[in-house]
Every structure is written in C-alpha cells, then in structure tokens.
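Commentary on secondary and tertiary structure
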Amino acid sequence: MDEILKIEHLTKKYDDITVLNDISLTVKKGEVLVIVGPSGCGKSTLLRCINNLEDIQDGKVNIEGKTGMVFQSYELFPHMTVLQNLMLAPVKVQKRKKDEVKKEAEQLLERVGLSSKKDNYPAQLSGGQKQRVAIVRALIMHPEVLLFDEVTAALDPEMVREVLDVILDLAKQDKTMLIVTHEMAFARAIADRVIFLEGGSIIEDTTPAEFFDAPRSERAKSFLRTFEFEKVH
Amino acid sequence: MGFEVIFKGKNFIRLLEGLGVALKISLVSVIISIVLGMIVGMIMTLKNPVIRAVSRIYLEIVRIMPQMVLLFIVFFGFTKMTGRNISAELSSVIVFSFWGTAEMADLVRGCLTSIPKIQYESSKALGLSRLQTYVYVIIPQIIRRLIPLSINLITRMIKTTSLIMMIGIVEVLKVGQQIIEANRKSSPHAAFGVFAVVFLLYFLACWPISRLAGYLERKWT
Ligand SMILES: Nc1ncnc2c1ncn2[C@@H]1O[C@H](COP(=O)(O)OP(=O)(O)O)[C@@H](O)[C@H]1O
Ligand SMILES: [Mg+2]
C-alpha cells in the first residue's frame, strides 16, 4: 500500500521544553491510526505539526496531499450558517463552482443526518451537531488525511455516540485518519493501529488487540488502568 | 415656566441650528475617529513593546485629560505657539478626533483580541490565506461586535460637543444661554424652559442612536 504520511525524526519545542521528541511514523493510505496517551503528552501538538499549525524544530513531515482537521472545541464560524460554513473554503480556496459545492454540502449533511439544519447558525445547534458539521466542513475539501483531536471530549455524554458514528462511517469508506481520543471502546473498534504517546515519545506502536489486551510497556498498562474501575461491593 | 421664550422670534430655529453645529462637529469627528481608530487599533494588537508603550501613553493621556483642557490647549495653545489662528470648529474636530480615535482604537483592539485563536487556526486548517481569513472570518465578526459599541461612542461624542461653547462655537447650549440672557428682563425664569428644551434636543439626537445600538447588540450577540 502507498504511504500517505511520513514523519521522520520530528522534534517540537516550546522555548526550551521539548514537547515532541524524535517522532518517526508512517501512515498508509486507508489506515486508521488512533493516538492515545495521558493529557499533556503531546497528542494535539503532533496533529498540529502534521497540519502545519506549528513550526517544528527538527525533522520532516511529508504528506501526499492535503489534511483536514477537526478540533476539540467547536470552531464553526458563528456569523455564518451551516451551509455558508461548509461552502466558504471549497469556493474561496479551491475555486470550485458554487452549485456543485452546495450540492455536495447537502449530500454530506444528509449523510450525517443534518439536512434540516443547513440554514441554521452554529449557536442554534447542539454540541454534537456542531461537531458533525465541523467534520463535514473538513470532508468537503476532499483531504487525503483526516485529523481528529478529541472531537468528543467537550460533548455531553449523550451526544458522543452520534459523532463517533460519523467517524466510524468514514472508516468504512477507507478514509485515512489519525484520531486522538479518550473513548477506549471506540478506539479499539475503529483502529487499524494504535500509537501510545507519553512524554513526547512513541512508547507503543501496535495493533489494537495487542495494545488493549496485552500492552507491553508498564506505562501503557498503568495508562489503561486509569480507565478501569474496581468493584466496590 | 419660561417656555414662552422658546418660540419668540427665531429662537427655536436658532436652537435647532445650534444642535446642527454640534451634530456636524460630532459627525466629522466620528468619521475621522472610526477610520483612524480601526488602523490604530490593529496596530495596537502587534506585540512590539514600543508600540505597546506608545499606545498605552496615548490612551492614558486621553482618559486623564478632561476634554475641555484638551480643547483649550489646542484652541489657545496652537495660536500662541504658531501665531496662526486656528478656527474653533477645527480645534474641536481635532480634539474630538484625538479622543475618539483613542476610544475607538481601544474598542477595535478589544474586539480583535476577543476573537478566539481557534477561529484563526480552523481557517488556516481549511486552507484560507491570511487575507481571506481576515476578510471572510475575522472582520465580519469584529464589525458585528464593534457597531453597537461605536454607536455608544457616537452618542457620547454628541453629548460632549456641548463643551465647545467654551471656545465660542455657537452650538445649542450656547444659543440657549444667549436666549436666557436676552430675555432676562421680560422672562426672568426662562432658564428652566430653555434648558429643558436643550435637554430635550440632546435627548432626541442621542436616544434613537442608543436604541439602535441596543437593538444591534441584542441581534448580533
Ligand atoms: N503554545 C504552547 N506553549 C507552551 N507549551 C505548550 C503550548 N502548547 C502546548 N504546550 C505544552 O506541550 C505539551 C503537550 O501539549 P498537548 O499536545 O496539548 O498535549 P495533549 O494534547 O496530549 O494533552 C504540554 O505539556 C503543554 O503544556
Ligand atoms: Mg490535546
């Protein structure tokens, strides 16, 4: 299979603090990579370096094509309707025809169950609906790689599912995705491969079955234990 | 009560003309303040320490100095220093613009810094250029926040123009005083009526504007 993303010896520092330390990583076309790790270990920073939102101090990031990203906090443009949010970049950046973009936007909205919301403003949507629109807004640019940074972390529990279902649907369409998440059941279901990051380094790079059932490192084991609860009675 | 003097002769027309002078000076100053304020406000968001210090000093001067003092400095001071006469109207436009620009720049700076960083980042992630990000994403949001605030500034400027009678511009308050003086014998209590009407005229000029500001504020936030 073709390599779509290749990271070589990536190092990212804020002033003197090294946040990502010599990361090397290759992602193939259609692969779903889940990145897990404790808070502050550099997951967001890694996605942001891939997406060129941060400058890097050392190493190389090579992508065959474009990336699309969905963030943890809702980042829709509040002064635009759902449809305007979706159409802005394809029309202004990719110079595509308005009619064609509008048609695709409507089809994608239908697919995520939001056809009726196309003329609403973001303030009129629930958190889960906003995130689904944000995913569509990334998709409509036809990116080769999709980056998701804890897209359900700010959501009320009852809305998490509707967003994860959209991402599962994308996996079925063989999209290449890098997903940062704390939803372990979801991670296990969607991942082709799991990366465990700690202190800015890759500690494990393995299959979901192996990572969740038989993690090799002590650090991964203790990380996974934080998601378990002992019976009290 | 003193209302009878209002409609004596041309008094009412003169009051209205006085209001017109006040509004004209405000309007010119407001336009200058908005244009310059936008530019200065954008400059103020730069992280350069010299720019920061200069703009802080500018803002502090404007806030500490009463407008009347500024007006005297410009009107009398300029003439003294250069020996050239500067018209009272021009002096007031200079002072109100100096003041308005500072206030406007601070509003613009506040709006610019209140736009969350994620708005810039998601624009960049979508491939928008810097210019496109400003034109389609940032500026429309700033304008929505800014319009109600700048309308409030406009009403404050109209009210403050009452100061310009101090340097001899015949605006509504000055006309009112002239009317009171002229009718001191025939209607000794004219003051109440005249000032009530002056109050009413200011109110009529500012009230619709501040209602509009309130409406836009509710609509856009
Ligand atoms: N703009 C920044 N300036 C300085 N330090 C930062 C900045 N952004 C993130 N960091 C630091 O980098 C580390 C990794 O952050 P992040 O990638 O957000 O972690 P994660 O997403 O895994 O929780 C953290 O220790 C954080 O404090
Ligand atoms: Mg993060």
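Now for a quick tour of the structure.

Analysis parameters
- Residues numbered from 1 in each chain as written.
- Chains lettered and ligands numbered in written order.
- Predicted model: local features only at pLDDT ≥ 70, side-chain atom pairs only at ≥ 80, totals over all residues.
- Heavy atoms only, no water.
- Contact = heavy atoms within 4.5 Å.
- Buried area = accessible area lost by both parts, 1.4 Å probe.
- Salt bridge = Lys/Arg side-chain N within 4 Å of Asp/Glu carboxyl O.
- Pairing = 2+ DSSP bridges.
- Helix = DSSP H or I, 4+ residues; strand = E, 2+ residues; numbered from the N terminus.
- Axes fitted to C-alpha atoms, helices over the stretch in contact; angles between N-to-C directions.
- Core = buried A, V, L, I, M, F, W, Y, C linked by side-chain atoms within 4.5 Å.
- Buried < 20%, exposed > 50% of the residue type's maximum accessible area, 1.4 Å probe, protein only.
- Patch = residues over 30% accessible without salt bridge, like charges linked within 9 Å, V, L, I, M, F, W, Y side chains within 5 Å.
- Areas by Shrake-Rupley, 256 points an atom, 1.4 Å probe, with all protein chains shown as cover.
- Expected span 1.5 Å × (residues − 1).
- Near = heavy atom within 4 Å.
- Polar contact = N/O pair within 3.5 Å; in protein donor to acceptor, adjacent residues only side chain to side chain.
- Nonpolar A, V, L, I, M, F, W, Y, C, P; charged D, E, K, R; others polar.
- Phe/Tyr/Trp six-rings, centres within 6.5 Å; stacked < 30°, edge-to-face > 60°.
- Lys NZ or Arg CZ within 6 Å of the ring centre and 35° of its normal.

Some thoughts on the interface of chain A and chain B
On the side of chain B, 17 residues touch chain A, which itself brings 21 residues to the contact. Buried surface at the junction of chain A and chain B, both sides included, amounts to about 1,600 Å², of which 64% is carbon and sulfur. Of all residues in chain A, A:Phe77, A:His79 and A:Lys92 bury the most surface against chain B, accounting for 32% of the area lost on that side. Here chain A is connected to chain B by 1 salt bridge. Residue A:Arg48 pairs with B:Glu121 through a salt bridge whose shortest N-O separation is 2.5 Å.

Comments concerning the sheet that holds strand 4 (residues 58–63) of chain A
Each strand in a sheet pairs with another by means of backbone hydrogen bonds, the pair being arranged parallel or else antiparallel. Residues and elements named next belong to chain A. With respect to topology, 3 strands assemble into an open sheet ordered 2-1-4, the strand pairing being antiparallel. This sheet does not close on itself; its edge strands, each paired only once, are strand 2 (17–28) and strand 4. Shown here is a sheet whose adjacent strand axes are inclined to one another by a mean of 15 degrees, direction ignored. Its contacts with the sheet put helix 1 (residues 43–50) on strand 1 (3–14), strand 2 and strand 4, and the angle it makes with strand 1 is roughly 120 degrees.

Things to note about the nonpolar core
Membership of the largest hydrophobic core comes to 49 residues, with the highest contact counts inside it found for A:Ile135, A:Phe148, A:Ile167, A:Met177 and A:Ile179. Looking at this core element by element, the count peaks at 7 residues for helix 5 (residues 157–172) of chain A. Each residue touching A:Met177, except ones within four places of it in the same chain, is listed here: A:Glu31, A:Val32, A:Leu33, A:Leu146, A:Phe148, A:Ile167, A:Leu170, A:Ala171 and A:Ile190. Residues A:Met80, B:Val30, B:Leu126 and B:Val137 belong to the second largest nonpolar core, which totals 36 residues.

Some points on a nonpolar patch on the surface
Taken together, the side chains of B:Leu27, B:Val28, B:Ile31, B:Ile32, B:Val35, B:Leu36, B:Ile39, B:Ile43 and B:Leu46 present a nonpolar region at the surface, about 750 Å² in accessible area. Its location among the elements puts B:Ile32 in helix 1 (residues 11–44).

What about helix 4 (residues 127–139) of chain A?
Look at helix 4 of chain A: 18 Å from first C-alpha to last across 13 residues, which is about the 18 Å you get at 1.5 Å a residue. Taking burial as the measure, the 13 residues of helix 4 of chain A include 13 buried ones, the bulk of the element.

Quick look at the site of ligand 1
All names here are of chain A. Close contacts around ligand 1 come from Tyr14, Val19, Ser39, Gly40, Cys41, Gly42, Lys43, Ser44 and Thr45, and that covers them all. Contact distances for ligand 1 include 2.7 Å between an oxygen atom and a backbone N or O atom of glycine 40. In the environment of ligand 1, an oxygen atom lies 2.5 Å from a nitrogen or oxygen atom belonging to the side chain of threonine 45. Protein burial of ligand 1: of its 560 Å² of free accessible surface, 55% is covered by the chains. The element best represented in the shell around ligand 1 is helix 1, accounting for 3 residues. Across the shell around ligand 1, the residue classes tally to 3 nonpolar, 5 polar and 1 charged.

Comments concerning the packing of aromatic side chains
Summed over the entire model, instances satisfying the criterion amount to 11 aromatic pairs over all chains. Judged by centre distance (6.3 Å) and plane angle (20 degrees), the rings of B:Phe199 and B:Phe203 are stacked. One end of the pair, B:Phe199, and the other, B:Phe203, are both in helix 8 (residues 190–220), 4 residues apart, so they sit about a helical turn from each other. In this structure B:Phe199 comes out as exposed when scored by relative accessible area, which is 57%. An aromatic cluster is present here, built from A:Phe196, A:Phe211, A:Phe212, A:Phe223 and A:Phe227 joined pairwise through their rings. Note that A:Lys12 overlies the ring of A:Tyr14, its terminal NZ or CZ placed 4.7 Å from the centroid. The positively charged end of A:Arg137 is found above the aromatic ring belonging to A:Phe77, 4.5 Å away from the centroid.

Focus: the side chain of A:Arg96
All names here are of chain A. Inspection of the secondary structure puts arginine 96 in the loop between helix 2 (82–92) and helix 3 (98–111). Using a relative accessible area of 15% as the deciding quantity, one classes arginine 96 as buried. Within polar-contact distance, the side chain of arginine 96 engages the side chain of glutamine 94 at 2.6 Å. Among the polar contacts listed, one links the side chain of arginine 96 to the backbone oxygen of isoleucine 140, at a separation of 2.9 Å.

Nothing here speaks to function; it is geometry throughout.
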